Amino acid sequence: MGGKGQEEVRVHLNRVGSLGYLKASWPVRYGAFHEITTPNYQFQFSPEGVIRFIQGRPGTWHHHADWFKRAPSGEWIYYSSGGYNGAASALGEHYIPIFPYASNGVLGETVFPQKKLDVALKSLFDVVENAVSIERENGTFLRRVARKNTFGSLKRLGELFHEKVGGFQSVLPPDCRHVDYDVVPIPLVEGCLYHCRFCSVKSAKPFRVRPLDEVEQNVFWVKEFLGKDLKNIGGVFLGGHDALAAGPERVVQAAKRCGSLLEARCMKGVPGLFLFSSPDALLKLSWDAWQALSELPFFVQINMGAESLDSKTLAWLGRPTSAETVFAAISRADEVMRRYAGDLSISINMVLGRSLPPRHRSSLHRFVEGRSPLNAPLYLSPLKDRAERKFCRDELVALKRKSGAPVYLYLLQQL
Ligand code: SF4
C-alpha cells in the first residue's frame, strides 16, 4: 500500500493460522483471518472483517509477544506472555489472560492495560480511515473494515452478540481454554440449583430449563450474526450454571440442534461441547445416559462445581450439598473419565483461599494425595485475588506437588 504516511502498511487477505489448538509458548493465530500490518502493529480481523487480535511489533511494547484479543461480546482480553515461566504449570497455558473486569486472578498484572489498548485502537482507526481513501486493490475489504471497526460499531456488535445469544455469560467453564475460549454460548438453562452464598457469578433467576424452540432460536440468530466468523469456532458452551441438570435427554437434543453452528467450521478436530454440572445433577445420570453423551459428534467436557470436600466448609460457603454427595460425584466423574476417555471429560472445581475454614485445606491436601493421572483434573478457584495472591500461588504449588492428577488455577472468564 503506498501514499504518504502509509509506506509500510500492508494488507494480507485470507490468511490461515493453525487449524488445530496448540499449547504453544509463542503467539498462535487460529483459523481464518485477514491482516493489516503497520510499522507498529499487527491487526488481525475475523473473516467478517471485525478486529480480533492486536499485537505490537518489536519495539512497540515492552513484551512484543503479548497480544490483545477481542471476544465477540466486545470484551478485550490481554494475553500476557512475558516473564511468567510458571504460567503453563499454573494455568495449563503459556500465557496469562488479564481481563478488564474483576476476576479471581492471582498471577500476572493486576491491572488491565487499557491505555495500551486505547493507543493501539486509535492507530487502527487512523490506518483504516486513511487506507480506504488510497487503497484500490483491497477496497471492498477496507471499506468493510472501516464500517465495522469504529468505536461505536464495535460497541454495537458486542451488544448485538449478547442479544443473539440470549444474554451475558458471567463465567465460562475452565475447559474452554482448550479451544482458546472460541466458543458460541447457547443457553440451555437459567439459574442454578443451589444459589450458594459465596458465589459471585450466580444468577438471581430461579432454575429453568429453556424449551428447545428457544435454543433453536438462539442457534438461528447466532448463525445469522456471526456469518463467516463461524469458520473459527472451537465449540459450543451449552450455557447456564448447571446445564447437566436439564437432564441428559435435553442436553443431547440441544447439542444436536447446535450442530448447524459447526457446518462452516475450518478448525480441525472434534468440536468441544462445554457445560457446567452440579454434583447432584451428575449423580442422576445413568450409564445409558453417559453412553448417549459420548456418542454426540462433540468432545463433551463437563465442569463440576464440587467446591469443598468438607461439610463445615460447604455450610460456610452456603452450599446445600453434603460432603458425601461431593465424594460420590467425584468418584462417578473418575469412572466416567476411565470409561469414555477421548469422548467425555469431567473436571472438578474447588475453592481456594486463606479465609476458608482450616478443614477445607487439610481435606484438599488429603484428597490430592490419592489422585492418579487418569482421574478428573482439579481446578482451584481463588475466592479473592489481590489479598491472597501469595497464599493461593503457594498453595497451588504445594497441591500440584502432591497430586498425581492435573491441578490448575481456574480464572473466571466471562463472555
Ligand atoms: S457456585 Fe454454582 S451452584 Fe453455587 S450459586 Fe454459583 S453458579 Fe450456582
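Residues numbered from 1 in each chain as written. Predicted model: local features only at pLDDT ≥ 70, side-chain atom pairs only at ≥ 80, totals over all residues. Heavy atoms only, no water.

What to know about the site of the ligand
The test is simple: Proximity is defined per residue: any heavy atom of the residue falling within 4 Å of a molecule or strand makes that residue near it. Cavities and pockets were defined on a 1 Å grid built over protein atoms only: a cavity is a set of grid points that admits a 1.4 Å probe from which the probe cannot escape, a pocket is an open set flanked by protein on both sides within 12 Å along at least five of seven lines, and lining residues are those with an atom within 4 Å of any such point. To qualify as sitting in a cavity or pocket, a molecule needs more than half of its atoms within 2 Å of the grid points. Polar here means any residue outside two lists: the nonpolar Ala, Val, Leu, Ile, Met, Phe, Trp, Tyr, Cys and Pro, and the charged Asp, Glu, Lys and Arg; Gly therefore counts as polar.
Surrounding the ligand, one finds Cys192, Tyr194, His195, Cys196, Phe198, Cys199, Lys202, His241 and Arg319. Among the cavities detected, the one that contains the ligand is the largest pocket. Residues belonging to the shell around the ligand are distributed by class as follows: 5 nonpolar, 2 polar and 2 charged.

Some points on the side chain of Glu35
What counts, and what does not: Each helix is a run of DSSP H or I of at least 4 residues and each strand a run of E of at least 2, with the numbering of both proceeding from the N terminus. Partly exposed residues are those whose accessible area sits between 20% and 50% of the maximum for their type, while under 20% is buried and over 50% is exposed, using a 1.4 Å probe and protein chains only. For this analysis, a polar contact is any N or O atom pair within 3.5 Å, provided that within protein one partner can donate a hydrogen and the other can accept it, and provided that sequence-adjacent residues contribute only side-chain to side-chain pairs. Should any heavy atoms of two residues lie within 4.5 Å, those residues are considered in contact.
Relative to the helices and strands, Glu35 is located in strand E2 (residues 32-37). Here Glu35 falls in the buried class, since its relative accessible area comes to 2%. A distance of 3.4 Å separates the side chain of Glu35 from the side chain of Gln42, its partner in a polar contact. In contact with Glu35, other than residues within four places in its own chain, are Arg10, Val11, His12, Arg15, Gln42, Phe43 and Gln44.

Looking at the sheet that holds strand E3 (residues 41-45)
Adjacent strands of a sheet pair through backbone hydrogen bonds, lying either parallel or antiparallel. The criterion, for reference: Only strands joined by at least two bridges in the DSSP assignment are considered to pair. With axes taken as lines fitted to C-alpha atoms, and helix axes fitted only over the stretch in contact, angles between N-to-C directions fall between 0 and 180 degrees.
The strand order E1-E2-E3-E4-E5-E6-E7 describes an open sheet built from 7 strands, whose pairing is antiparallel. Strand pairing shows two members of the sheet lacking a second neighbour, strand E1 (10-16) and strand E7 (96-98), which therefore form its edges. Averaged over neighbouring strand pairs, the angle between their axes works out to 20° when direction is ignored.

Here we look at the packing of helix H5 (residues 212-226) against helix H6 (residues 248-257)
For clarity, the cut-off: In this scheme, roughly parallel covers angles under 35 degrees and roughly antiparallel covers those over 145, while 65 to 115 is roughly perpendicular and the rest are oblique. Put simply, a crossing is left-handed when the front helix is turned counterclockwise from the back one by less than a right angle, and right-handed when it is turned clockwise.
Running from amino to carboxyl end, H5 crosses H6 at an angle of 25°, the nearest separation of the two axes being 9 Å. What the angle tells us is that H5 and H6 run roughly parallel. For the pair H5 and H6, the crossing hand works out as right-handed. On H6, the residues touching Leu212, Val215, Glu216 and Val219 of H5 are Arg250, Gln253, Ala254 and Arg257. Class assignment for the residues of the contact of H5 with H6 results in 4 nonpolar, 1 polar and 3 charged.

Purely geometric numbers; function is a separate question.
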